[in-house]
Each structure stands twice: as structure tokens, then as C-alpha cells.
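Structure at a glance
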Amino acid sequence: MRAPHDDVLSFEALFGQPPRIRARAPGRVNLIGEHTDYNGGFVLPMAIPQHTEVELAPREDRRVRAYSANIGPAERLGEYALGQEQPGRGWLDYVQGVTRILHDEGHTLRGFDVWLRSDVPAGSGLSSSAALEVALLRGLRETFGLALDDVRIALLGQRVECDFVGAPVGVMDQMASSLAQEGSALFLDARSLRYERVPLPWEVEPLVINSGVTHSHAGGDYRVRRMECERAAALLGVPQLRDLTEQELPRALALPEPLGRRVRHVLTENARVLDAVRALRAVDLASLGPLLYASHASQRDDYEVSVPEIELLVDLARTEPDVLGARLTGGGFGGSVVMLARAGKGAAAAARISARYAEHAGRPATVLVPEPATAT
Ligand code: GLA
């Protein structure tokens, strides 16, 4: 993996000894099921090849020294003492959040040195922060022999976001980073946490194109959407929007604007996830594409999480006969588009789409899947 900065130091050069433990965790792309997780619903993410890796060595004292190869030289190295975690220190908050939450959950740590590197682009809707949390939790599990299974790791990562970083996210990203694989989708019930792996048929391949417009879930828009859903559920008298049936949609649509449309997105999106799982299992390619486009339209019109650059990518996808469907993936307000293409045809279609995007948007798009090195 290429380091983003040439002058990055190795673990050994920095800390004077080789690392004892290495761990990694992938970013994820969500095929369908957006803004359903915090409503108790269904999601269908996959792991992407881009990932975060950590190198670690325990220390005898209670200090944590953390180095990120992705950050400019001035802020690359952060340091703190266990028990003194303070939010507001940028990327270091994810490390601090992990040690704080582990402590709150009764796990015993010593200090450690950690070196981090990621090729999951931050703010791209591909869960760079979940990849960091899960990679670090995996590394600490091994370093200190912590009794944590993969679901527990995901739940702790989510708590880092919600309780320490201040981003009120659902559980999808951390579950995907901890449990999903490339080549099969993780069909997850975000309420019960029951999951199943659904293989992608060999006839299709996923494409992921990053618009280059970045977002942050600690900011207002994601939080507002989540609060709108909670308010709608309270007004409709259900614990979560998952508990509504389609027959109750007319009642929801009578709620004050924009709550009805938010509910409609969640209800129809949950149904689309179930349909997509059926279509994948039946290798029903004719249904998959329209489901992706319908999900996108619902995110754009009912949930209002799209932006012009994302619309451009989805419109360009529609002009490609080998692309079956496309949609905004992740939290929205920028980020990436996921597409399903006919196997073997994706790289060429993605290259054409990103070239035309650069012409029209005046900024480059990055094709992340298929990875450029492996693209045919
Ligand atoms: C972000 C959050 C997830 C999920 C998606 C939207 O990625 O981290 O929990 O809510 O947005 O589907």
C-alpha cells in the first residue's frame, strides 16, 4: 500500500523497536439499505479492498503514542495517557475513543505505541473511521488478550463514534468492517444483529466511484435525518420505523413535512433490501439494477441526502449499457456511488464515467473498485 506522504517514518524508526502485532480492517461499500440501520432495519454492505492497517507494541507504562501515516507532518504524532482521553484532537479521537470505551467496558489495557495507515479515503462514504476503529480494536485484542468477538468489536466501534467522537451513527459500518468480506454481501438485520453472507453472482461486479465531495457525520445533516426519523416514530407510536408496515404509510404521509417522506424512504428501502437479497440469490439481474436506481431516487427525493456531483455520477452510469444500476452509498451529502456492472465490463465503464465526470464537474473522480492495479 502506497503511503500518502513520502517522508513517513516506519514503526521501528519512530519507536525504536519493531512492532509486535499487525492488524487490519477493510472499508465497506453498502450495496443497498441506506439510513435504515438506526431505524432498526436491513442493510447489505460488502468489504472493499481498501483497508486500514495498524502496527502495535505494548508499553510498560500507561502512555499511548499514535502515529498516522495519512496525516501531514505537523499532526502525525499524537500522545496521551490512558484515563486522560479528551475529545477534540482530530484523528487521534478515534484512538482515544477506543481506549476510553474499552476502559468503560471493564477491559484492562497498558500503554502502547501504534502506527496507522489507511487507503480508505476519509469522507468518501466508505467507512474510513469504522476501518480504523475495527483495525485498532483487533490489534489491541491481540496485544492484550482481550475477550472480544467480532460483533462485540463492531459494537464498541459504534460506541466510539456515538459516545466519544459525537457522530450518532448506526451499526452498519462497524459490523461491515468487522464481518463483511469481498465478493459477498453481508445481509444484516441492524436490530437483532443477525447476519448472513449473500454471495455476489459471478455475472456481476461492483464498482465504486468516489465523487471527491467529502462529508462528516458529526456535522448537522446526518444528525437531523436521524432525529426526524425518531420524531416520526414517536408521532406514529412505534419504537422504531422498522416497526411500521406499508399499510401504515398513508398515516405517515399525513405527518408534517418532511417527516412523511423520510418514513417513506425507510419503509421502501427496507423492502428493497429484502428484494435485493432475493434477486442476488436467484441471480435475477434484471431486478437488481432497477432496485439500485429506485433506492437512489428515494435517497434523492424523499431522504434528500444527495448532491449535484453524486447526481452526475448516477446520470453517467445510466448512459453505460453494461452498468445495471447505481446509487449513492453511505451517509450521503457527498461521498461515493456504488454500481453493479456486468462482470468483466466494469473497469472500462468506470473509466469512461470518471473521465466524463472530470469534464463536467471540474474535479476528478476516483475509481476505487475495481482497484486500478487489478483493473483489466
Ligand atoms: C453512515 C453511518 C451508518 C449508516 C449510513 C447510512 O455510514 O455510519 O451507520 O447510517 O451512514 O446508511
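Computed from a prediction, not measured in an experiment: that's the story for all the values here.

**Some words on helix α6 (residues 220-236)**
The terminal C-alpha atoms of α6 lie 24 Å apart, and with 17 residues this matches the ideal 24 Å at 1.5 Å per residue to within 8%. Lining the buried residues of α6 we find α7 (249-253) and α8 (259-281). A positive phi of about 75° marks G237, the residue just after α6.

**Digging into the side chain of S128**
Turning to its location among the elements, S128 is positioned in helix α3 (residues 128-144). Apart from residues lying up to four places away in sequence, S128 is in contact with T52, V120, P121, A122 and G123.

**Topic: the nonpolar core**
Counting 42 residues, the largest nonpolar core has I209, L241, V263, V323, M339 and I353 as its most contacted members. For this core, the elements supplying multiple residues, two or more each, are β9 (204-210), α6, α7, α8, α10 (308-318), β10 (323-329), β11 (336-342) and α11 (346-361). For this core, the two domains that each supply at least three residues are domain 1 (11-196) and domain 2 (202-369). Once you skip the residues sitting within four places of it in the chain, V263 turns out to touch A232, L236, L241, L244 and A252. In this structure, V54, L56, Y80 and V95 belong to the second largest nonpolar core, which totals 33 residues.

**Remarks on the site of the ligand**
Around the ligand, the structure places 13 residues, and the nearest of them are E34, H35, D37, D173 and Y222. The separation between an oxygen atom of the ligand and a polar side-chain atom of D173 is 2.6 Å. Of the residues contributing to the shell around the ligand, the split by class is 4 nonpolar, 5 polar and 4 charged.

**Overview of helix α2 (residues 92-104)**
Taking 1.5 Å per residue as the helical rise, α2 with its 13 residues ought to reach 18 Å, and the 18 Å between its terminal C-alpha atoms agrees with that figure. The element α2 is largely enclosed, with a buried count of 10 among its 13 residues. Turning to α2, its buried residues number three or more, namely L92, D93, Y94, V95, Q96, G97, V98, T99, I101 and L102. Where α2 is buried, its residues contact β4 (63-68), β5 (77-81), β6 (112-118), α3 and α4 (150-165). Positive backbone phi, at 90°, marks G106, one or two positions downstream of α2.

**A closer look at the domain arrangement of the chain**
Taken domain by domain, the chain holds domain 1 (11-196) and domain 2 (202-369). Centre-to-centre, using C-alpha coordinates, domain 1 lies 25 Å away from domain 2. Taken together, the contacts link 36 residues of domain 1 with 45 residues of domain 2. Each partner contributes to the roughly 3300 Å² buried at the junction of domain 1 and domain 2, and carbon and sulfur atoms together form 60% of this total.

**Things to note about the packing of α2 against α3**
Two elements in contact, α2 and α3, have axes whose closest approach is 10 Å; the angle formed by their N-to-C orientations is 50°. Between α2 and α3, the interaxial angle falls into the category oblique. Relative to α3, the crossing made by α2 is right-handed. Along its contact with α2, which presents Y94, V95, V98 and L102, the element α3 presents S129, L132, E133, L136, L137 and L140. Tallied by class, residues from the contact of α2 with α3 come to 8 nonpolar, 1 polar and 1 charged.

How each quantity is defined
- Residues numbered from 1 in each chain as written.
- Predicted model: local features only at pLDDT ≥ 70, side-chain atom pairs only at ≥ 80, totals over all residues.
- Heavy atoms only, no water.
- Helix = DSSP H or I, 4+ residues; strand = E, 2+ residues; numbered from the N terminus.
- Expected span 1.5 Å × (residues − 1).
- Contact = heavy atoms within 4.5 Å.
- Core = buried A, V, L, I, M, F, W, Y, C linked by side-chain atoms within 4.5 Å.
- Buried < 20%, exposed > 50% of the residue type's maximum accessible area, 1.4 Å probe, protein only.
- Domains from an automatic or database assignment.
- Near = heavy atom within 4 Å.
- Polar contact = N/O pair within 3.5 Å; in protein donor to acceptor, adjacent residues only side chain to side chain.
- Nonpolar A, V, L, I, M, F, W, Y, C, P; charged D, E, K, R; others polar.
- Buried area = accessible area lost by both parts, 1.4 Å probe.
- Axes fitted to C-alpha atoms, helices over the stretch in contact; angles between N-to-C directions.
- Parallel < 35°, antiparallel > 145°, perpendicular 65-115°, else oblique.
- Left-handed = near helix turned anticlockwise from the far one by under 90°.

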